[in-house]
Amino acid sequence: MVMQRYLLTYMGVVLALYLHHLVRAIEVPRDPSIQDILLQPPTITKQSVKNYIVDPRDNIFIECEAKGNPVPTFSWTRNGKFFNVAKDPRVSMRHWSGTLAVDFRSGGRPEDYEGEYQCFARNDLGTALSNKIFLQVSKSPLWPKENLDIQEVHEGAPLILACNPPPGLPPPAIFWMSSSMESIHQDKRVSQGQNGDLYFSNVMQEDALTDYSCNARFAFTHTIQQKNPYTLKVLTKHPHNETSFRNHTDIHRARGIAERHPSFMYPTGTSSSQMVLRGEDLLLECIASGVPTPDIVWHKKGGELPVRRFKLENFRKALHIANVSEEDSGEYFCLASNKVGISRHTISVRVKAAPYWLDEPENLILAPGEDGKLVCRANGNPKPSVQWLVNGEPIEGSLPNPSREVNGDTVIFRATQTGSSAVYQCNASNEHGYLLANAFVSVLDVVPRILAPRNQLIKVIQNNRTRLDCPFFGSPIPTLRWFKNGQGSTLDGGNYRVHENGTLEIVMARKEDQGTYTCVATNLLGTAEAQVRLEVKDPTRIIDGPKDAVPKKGTTVHLICRTRYDPTLRLTVTWLKDDTPLFLGNRIKKEEDGLTIYGVAEKDQGYYTCVASTELDRDSARAHLTVLVPTSVNRMSLPKARPERPRDLELTDLAERSVRLTWIPGDDNNSPITDYIVEFEEDRYLPGTWHNHSRYPGSVNSAVLRLAPYVNYQFRVTAVNEVGSSYPSLPSDRYQTNGARPEYNPTGVKGAGTSKNNMVISWTPLNATQVYGPRLRYIVKWRRKDTRESWSSATVEGDVSKYTVTQTPIYTPYEIKVQAENEYGKAAEPDVVIGYSGEDFPSPPKYFRIRQPNLETVTLEWEHPEHPNGILVGYTLRYQAFNGSKSGRTMVENFSPNQTKFILQRTDPISRYRFNLRGRTQIGEGEPSTGESPTLLNEAYTKNQGDIATQGWFIGLMCAIALLVLILLIVCFIKRSRGGKYPVRENKDVPLDPDDQKVDNGSFDYSDEDNKPLQGSQTSLDGTIKQQESDDSLVDYGEGGEGQFNEDGSFIGQYTVKKDKEETEGNESSEATSPVNAIYSLA
């Protein structure tokens, strides 16, 4: 049973290592020295869009660019057949590129080049394909000429004016105007539908005051075509002037128009259906006729409309749902109601999906003999079919490859060999579209290379953290080791940490860490090494810095700045005054130990900072200089106090963005006024709160103030002298500025999840002077990063600082922007920031492996979780020793997120261990990877059987056992020689006498008679006892087949009675050399 458990554990470890090896691939660094020498299959880097519409007035460029080594060559197919570029004088291919250029300067029709194009990029290692590019020429056909009859319609009746625009490519934008180019007013009674037609829910007499012309705007040609206008003739029962009905409460009844039940003009009937693709926008429309004009309300059967993704358009006649997903399928219905009744129309929505990636295949770089796999998983509705190609040809028709196995959406490679490089294509398609991905498999055989500069010199300040970089590359992936001063063991652990990229991190550099470090990269093909010289420097310190001083005006002052620094570094000492560089001259001089100021003046007052810096570090010290200015005897004898408040504030020179404020200073109370502080208050957002506006010298009493739009200002002024500040002045009159569109967008925009399926977008709202107008609101937009999906948006009003996006995938990057808007317009387009949706618990660590290389340690290895679901902050390992049913207490170890290996020192050689390893995000611990250490006996036997015989404890134990056996044998035979009797049968057929029966049950009877000879024995002439029937021997005690050592080293023996006389005789023949007889004769 123990052996079975060991085999299962061993097989599990081997399987985990195999799976790890299967998906392991080499990453080629971007270093040009590597990129230029490595052979690489082609990779498409740029191509035109699948549906490519071009302007007929321009030359045509179909893009296709690729990289590879050797440089790829390019070819094209058109409509599935080889396209010979050289035969067409108008077509050329760019140098070092596959981009096609079609030049029409010498004539030709762009329409002749419409079709489906595909680019092929080839080199010696494979062929990559572009998407199939469907090229079409933009078309803006003329409107067919037609004579439109006058449209006669009764007042109150519904009417549809058809547009029927010419079929353009892309379709034109439709809008309605009069023949005099005046726009048609639209509202819930008169509006344009999705198809471009103009709908009148009920016609009124004033509708005949203008004509109606449908216009089509073609984007590519920047042209507008106008259809002949419709003219209306409204038949009414009361053809009176409009003013006669203006004040009537029921204009329809006053005109004699009969009220009508709502009826749907579009779509017709009671039900319809619509199909939309996943990720697109859904637009449902209901336009109804009736008198009075019906109101439209939207509902979804069995659920709510998707919050924050839907909006009502076209006077609530259209329901717009952005970024449709499968959950938006179902039945939607619109209700058209007026005071006469209600009509209902049901629209069945089906959501289909073009293929989209779940796992897109990625380039695979392997060493000879390594395993790997390409995975191509896509979803869609209907489920897409997956086809594999190799170098542009179906994989089924390619040359056989015994190391390759195709299993549905996965291609598995085992023991790849040099020369099997190729480019594989995965095509996932259904009736709504296709996805094409290229992924090459490159088999590389590269000796190790160190990518860092040779003989680097790294300097670090003592007790600081530093890193010695050693980027490397090779195939198979080399192992990297660090050595110090060319000797000793590998550096890892304690003060040293080796990262996977080859960097050696020294946690705290000490003087003894100084020296030459060598990094050695090794694989099967060779070795490469590089040296890094580390120098540990003393820190720079200011040991005696400047002190606060109060010199008199005109005197000399010296500010001390003495330093200690590493003599091998270049020291620079600079001085700052009030945090700006100090200008040195004849009056202010920098000395070796400080700064001297001659003839101190009032302007010298302030903060002085000494900055001592080297190329590695810096230190600073600061002091304040206060200059004493002598005053007249009379003024100094008067008491000083805070100034009186300013008075008589007046606003003049009123402008749109400025105003002049004038005041009369108060008494300075024997201390000159040094400053005036101007404050303002506004009564819209924070009434009663005063804010600092500006500060002016004490010598002025008038200032032009800059103002912000849409603020109702009120000002006050405070005077300041050396004693303190006055009371604020009485407020000025209010001054209201006009509004404008915002000039600022919110700051501090960020996105972060508070749960695993949301993202909270937050920002710092605009303050009162940034609002610029009424009805401030924030337009919040977001979309997933690196996708082509459209922006989702929401508008929030008021003093709001956050918005929560729900139903987000776990820890996904989003592009976010928040724009301010008021009634006057929008602020400039905001910057895009990157936010992340909420984190979740991580999946279990991958490839958890437990090995026991010897009796003293257990080694654990793992890889990062396949789905971190956030920022991985570390790992938690719980382990417990056990022996049978007994278990020790649970121990806990916490690791950094970069650590993927742990060596456990065993506390005893018997117990096994259970392990539980979990990854951690900020949310908490995820699911565990678990396992047990291998079975000890099997492990110890298989790994240490060659070592036991040389262990001191084993040799000592064997010697003690041998000595104990020898003493036991001597005592037994001495007892026998002095009269002990052993009843032994002469023959196996002779019955036992009563005394002999004691032998049968395993007992011994020693006689008190000293001289009584043993039964069945005789004494020889030389004094020895001749053995006849007893086969007692050392062999029977110590070396017989039944004797053995127990697990604790104790001896297990058995007294054996031989029953064949022939065997007895055999014993007699060996009597002379028996060690037992020899010992007995001595006794």
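Worth saying up front: this structure is predicted, and the values here are computed from it rather than measured.

### Looking at the overall build of the chain
Then, in step 1: When you go through the chain residue by residue, the secondary structure sums to 10 helices and 84 strands.
Then, in step 2: Classification of the 1083 residues of the chain by burial places 41% in the buried group.
Then, in step 3: Restricting to contacts in the chain with at least 6 residues of sequence separation, those with at least 24 account for 65%.
Then, in step 4: For the chain, the exposed area adds up to about 59,300 Å²; of that, 51% sits on carbon and sulfur atoms.

### Overview of the environment of Leu616
Then, in step 1: Tracing the backbone shows Leu616 in the loop between strand S54 (606-613) and strand S55 (618-625).
Then, in step 2: Measuring from C-alpha to C-alpha, the distance between Leu616 and Thr540 comes to 8.9 Å, with 76 residues separating the pair along the chain.
Then, in step 3: Aside from chain neighbours lying at most four places away, what touches Leu616 is Lys459, Val460, Ile461, Lys537 and Leu569.

### Observations regarding helix H6 (residues 952-977)
Then, in step 1: End to end, H6 covers 38 Å across 26 residues, agreeing with the expected 38 Å (1.5 Å per residue, within 8%).
Then, in step 2: Those residues of H6 lying buried are Ile961, Val965, Leu969, Phe973 and Arg976.

### Focus: the environment of Lys352
Then, in step 1: Assignment of secondary structure puts Lys352 in strand S28 (residues 342-359).
Then, in step 2: A sequence separation of 77 residues divides Lys352 from Met275, and the C-alpha atoms of the two residues are 7.1 Å apart.
Then, in step 3: Every residue in contact with Lys352, bar those within four places of it in the chain, is listed here: Met275, Val276, Leu277, Arg278, Asn381 and His432.

### A closer look at the pattern of salt bridges
Then, in step 1: In this structure the tally under the stated criterion is 52 salt bridges.
Then, in step 2: Glu331 is the partner of Lys301 in a salt bridge, and the nearest nitrogen-oxygen pair spans 3.6 Å. Taken together, the positions of Lys301 in the loop between strand S24 (295-300) and strand S25 (310-313) and Glu331 in strand S27 (residues 330-337) put the pair 30 residues apart, joining distant regions of the chain.
Then, in step 3: What makes Lys301 exposed here is its relative accessible area of 54%.
Then, in step 4: Its relative accessible area of 32% is what places Glu331 among the partly exposed residues.
Then, in step 5: In this structure, the salt-bridge partner of Arg510 is Asp513, at a minimum N-O distance of 3.2 Å.
Then, in step 6: A residue is classified by how much of its surface remains accessible, and Arg510, at 31% relative accessible area, is partly exposed.
Then, in step 7: Here Asp513 falls in the buried class, since its relative accessible area comes to 1%.
Then, in step 8: Linked by salt bridges that have partners in common, Asp544, Lys547, Arg562 and Asp593 make up one network.

### Brief notes about the packing of aromatic side chains
The description of two aromatic rings rests on the distance between their centres and on the angle between their planes.
Then, in step 1: Under the counting rule described, the total for this entry stands at 20 aromatic pairs.
Then, in step 2: An angle of 70° between the planes, with centres 6.4 Å apart, marks the rings of Tyr744 and Tyr772 as edge-to-face. One end of the pair, Tyr744, is in the loop between strand S62 (735-736) and strand S63 (747-752); the other, Tyr772, is in the loop between strand S64 (758-764) and strand S65 (777-784), and 28 residues separate them in sequence.
Then, in step 3: Taking the relative accessible area as the measure of exposure, Tyr744 reaches 40% and is therefore partly exposed.
Then, in step 4: Given a relative accessible area of 6%, Tyr772 falls into the buried group.
Then, in step 5: Among the aromatic residues, those joined into a ring-pair cluster are Trp862, Tyr875, Phe895 and Phe902.

### Some points on the side chain of Gln714
Then, in step 1: Its location among the elements puts Gln714 in strand S61 (residues 712-720).
Then, in step 2: With sequence-adjacent residues up to four places away left out, Gln714 is seen in contact with Glu679, Phe680, Glu681, Trp690, Pro731, Ser732, Asp733 and Arg734.

### Some points on the pairing of strand S58 (residues 675-682)
Then, in step 1: S58 sits mainly inside the fold: 7 of its 8 residues count as buried.
Then, in step 2: Taken together, the 6 bridges between S58 and strand S59 (residues 691-697) define a ladder with antiparallel strand orientation. Looking across to S59, one finds that Glu679 is bridged to Asn692.
Then, in step 3: For S58 and S61, the ladder comprises 8 bridges, and the chain directions are antiparallel.

### Some remarks on the sheet that holds S63
Then, in step 1: Judged by pairing direction, the sheet is antiparallel, and its 3 strands sit side by side in the order S63-S64-S67 without closing on themselves. The open sheet is flanked by S63 and strand S67 (802-806), the only strands paired with a single partner. Ignoring strand direction, the axes of neighbouring strands in this sheet form an average angle of 10°.
Then, in step 2: In terms of strand pairing, S64 meets S67 through 5 bridges, oriented antiparallel. In the strand pairing of S67, Val760 is matched with Thr804.

### Some thoughts on the nonpolar core
Then, in step 1: Formed by 33 residues in total, the largest nonpolar core has its most connected members in Ile60, Ile62, Trp76, Leu100, Tyr117 and Phe473.
Then, in step 2: Of all the secondary structure elements, the ones that give two or more residues to this core are strand S2 (51-54), strand S3 (60-62), strand S4 (64-69), strand S5 (73-78), strand S8 (100-102), strand S9 (115-123) and strand S11 (133-137).

### A closer look at a nonpolar patch on the surface
Then, in step 1: A surface patch of nonpolar side chains, amounting to about 410 Å² of accessible area, comprises Leu963, Leu966, Ile967, Ile970 and Val971.
Then, in step 2: In this structure, Leu966 sits in helix H6.

### Looking at the sheet that holds strand S13 (residues 159-161)
Then, in step 1: Taken together, the 3 strands give an open sheet; going across it, the order is S13-S16-S15, and neighbouring strands pair in antiparallel fashion. Each edge of the open sheet is held by one strand with a lone partner, namely S13 and strand S15 (190-192). When the angles between neighbouring strand axes are averaged without regard to direction, this sheet yields 20°.

### What about the state of the cysteines?
Then, in step 1: According to the stated counting rule, one finds 6 disulfides in the structure shown.
Then, in step 2: Put simply, Cys64 and Cys119 are joined by a disulfide, and their sulfur atoms are 2.0 Å apart. Taking the torsion about the S-S bond as the criterion, the Cys64 to Cys119 disulfide, at about -75°, is left-handed. With Cys64 in strand S4 and Cys119 in strand S9, this residue pair connects regions lying 55 residues apart in the sequence.
Then, in step 3: What makes Cys64 buried here is its relative accessible area of 0%.
Then, in step 4: By relative accessible area, Cys119 is classed as buried at 0%.
Then, in step 5: When the cysteines of the chain that form disulfides are numbered from the N-terminus onward, they connect as 1-2, 3-4, 5-6, 7-8, 9-10, 11-12.

### Some details on unusual backbone geometry
Then, in step 1: In this structure, the amide linkage connecting Asn69 to the following residue, Pro70, adopts the cis form with an omega of 5°.
Then, in step 2: Take Pro70: it is sitting in the loop between S4 and S5.
Then, in step 3: Cis peptide bonds are those with omega within 30 degrees of zero, and the linkage from Leu169 to Pro170 qualifies with -5°.
Then, in step 4: Residue Asp648 is not a glycine yet carries a positive backbone phi of 55°.
Then, in step 5: Secondary-structure assignment places Asp648 in strand S56 (residues 647-652).
Then, in step 6: Backbone geometry at Gln807 places phi at a positive 55°, although glycine is not the residue there.
Then, in step 7: With respect to the helices, strands and loops of the structure, Gln807 is situated in the loop between S67 and strand S68 (813-822).

### Considerations on the confidence of the model for the chain
A low pLDDT score tells you not to read the predicted coordinates there in detail.
Then, in step 1: Looking at the chain, the pLDDT average stands at 83 and 84% of residues meet or exceed 70.
Then, in step 2: Taken as a whole, residues 1-24 scores under 50 in pLDDT and shows 35 contacts with residues more than four places along the chain or in a different chain.
Then, in step 3: This model gives residues 938-947 a pLDDT under 50, and the stretch forms 14 contacts once residues within four places in sequence are excluded.

Criteria and cut-off values
Residues numbered from 1 in each chain as written. Predicted model: local features only at pLDDT ≥ 70, side-chain atom pairs only at ≥ 80, totals over all residues. Heavy atoms only, no water. Helix = DSSP H or I, 4+ residues; strand = E, 2+ residues; numbered from the N terminus. Buried < 20%, exposed > 50% of the residue type's maximum accessible area, 1.4 Å probe, protein only. Contact = heavy atoms within 4.5 Å. Areas by Shrake-Rupley, 256 points an atom, 1.4 Å probe, with all protein chains shown as cover. Expected span 1.5 Å × (residues − 1). Salt bridge = Lys/Arg side-chain N within 4 Å of Asp/Glu carboxyl O. Phe/Tyr/Trp six-rings, centres within 6.5 Å; stacked < 30°, edge-to-face > 60°. Pairing = 2+ DSSP bridges. Axes fitted to C-alpha atoms, helices over the stretch in contact; angles between N-to-C directions. Core = buried A, V, L, I, M, F, W, Y, C linked by side-chain atoms within 4.5 Å. Patch = residues over 30% accessible without salt bridge, like charges linked within 9 Å, V, L, I, M, F, W, Y side chains within 5 Å. Disulfide = S-S within 2.5 Å. pLDDT = per-residue confidence, 0-100.

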